[in-house]
Amino acid sequence: MKIGDKILIGLLLIISLVSAYFTYDKALSRTGTNVVIEVNGSKYQELPLNVDKTVTIRNGKHLNVVEIKNGKVRMKEANCPDQICVKTGWIEKEGQQIVCLPNRVVVRVTGGKKGEVDDVVY
């Protein structure tokens, strides 16, 4: 390897890190508008994120309580053994989700606008 090869590799590495940073930052900066709740892989309910509400989900012997408040959502209660979904806390950004694997419940924040183009690649 010559010095020119090392410089080229360094420049490519810097360019890819900078572009990854801006892509990641852009994806996490969008605040969601809706909350989609799925139970057993099927859509259970879709709610606006800007309306405060508490949803109780009973799926056989499983119980989950989802709370929407101040533009954020969290799993307030669950009767699963590990409580990871409850410990996740509040989420509000588009693409974030809370998963209660034992109870098969997923809470996902979405943008709410269907058919919208995120990015264009040339």
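The preceding data block contains the structure.
Calculation notes
Residues numbered from 1 in each chain as written. Predicted model: local features only at pLDDT ≥ 70, side-chain atom pairs only at ≥ 80, totals over all residues. Heavy atoms only, no water. Helix = DSSP H or I, 4+ residues; strand = E, 2+ residues; numbered from the N terminus. Buried < 20%, exposed > 50% of the residue type's maximum accessible area, 1.4 Å probe, protein only. Contact = heavy atoms within 4.5 Å. Areas by Shrake-Rupley, 256 points an atom, 1.4 Å probe, with all protein chains shown as cover. Pairing = 2+ DSSP bridges. Axes fitted to C-alpha atoms, helices over the stretch in contact; angles between N-to-C directions. Core = buried A, V, L, I, M, F, W, Y, C linked by side-chain atoms within 4.5 Å. Polar contact = N/O pair within 3.5 Å; in protein donor to acceptor, adjacent residues only side chain to side chain. Salt bridge = Lys/Arg side-chain N within 4 Å of Asp/Glu carboxyl O.

**Observations regarding the overall build of the chain**
The number of helices and strands found in the chain is two helices and seven strands. Counting helices and strands in the order they occur from the N terminus, the chain gives α-β-β-β-β-β-α-β-β. Expressed as a percentage of its 122 residues, the buried residues of the chain come to 25%. At a minimum sequence separation of 6, the contacts of the chain that also span at least 24 residues come to 35%. Summing over all exposed atoms, the chain offers an accessible surface of approximately 8500 Å²; the carbon and sulfur share of this is 58%.

**Points about the sheet that holds strand 1 (residues 34–39)**
Taken together, four strands build an open sheet; the order of strands is 2-1-7-6 and the sheet is antiparallel. Unpaired on one side and paired on the other, strand 2 (42–48) and strand 6 (97–100) mark the two borders of the sheet. Across the sheet, the axes of successive neighbouring strands diverge by a mean angle of 15°, strand direction being ignored. Relative to strand 7 (residues 105–110), strand 1 runs antiparallel, the two sharing six bridges. Note that in strand 7 the partner of Val-36 across the bridge is Arg-108.

**Re unusual backbone geometry**
Although it is not a glycine, Asn-70 sits at a positive phi angle of roughly 55°. Tracing the sequence through the fold places Asn-70 in the loop between strand 4 (62–69) and strand 5 (72–78). Unlike most non-glycine residues, Gln-83 shows phi in positive territory, near 60°. If you trace the backbone, Gln-83 turns up in the loop between strand 5 and helix 2 (84–87).

**Describing the sheet that holds strand 3 (residues 53–59)**
Pairing is antiparallel in the open sheet, where three strands are placed in the order 3-4-5. Looking at strand neighbours, the two that pair on one side only are strand 3 and strand 5, the edges of this open sheet. Sheet twist, expressed as the average angle between the axes of neighbouring strands with direction ignored, equals 20°. Pairing between strand 4 and strand 5: six bridges, direction antiparallel.

**Looking at the nonpolar core**
Grouped burial of nonpolar side chains is what soluble globular proteins tend to show. Counting residues in each nonpolar core, the largest one holds 20 residues, and the members touching the most others are Ile-37, Val-66, Val-73, Met-75, Val-105 and Val-107. Among the secondary structure elements, those contributing two or more residues to this core are strand 1, strand 3, strand 4, strand 5, strand 6 and strand 7. Apart from residues lying up to four places away in sequence, Val-73 is in contact with Val-35, Leu-49, Val-66, Glu-67, Ile-68, Gly-89, Trp-90, Ile-91, Ile-98, Val-107 and Val-109.

**Details of the side chain of Asn-34**
Position of Asn-34 among the secondary structure elements: in strand 1. Side chain to side chain, Asn-34 and Glu-46 meet in a polar contact 3.0 Å long.

**Description of the pattern of salt bridges**
With the rule as written, the count across this model stands at three salt bridges. In this structure, Lys-43 engages Glu-46 in a salt bridge whose closest nitrogen and oxygen atoms are separated by 2.6 Å. Owing to a relative accessible area of 52%, Lys-43 belongs among the exposed residues under this scheme. Glu-46 gets classed as partly exposed once you look at its relative accessible area, which sits at 30%.

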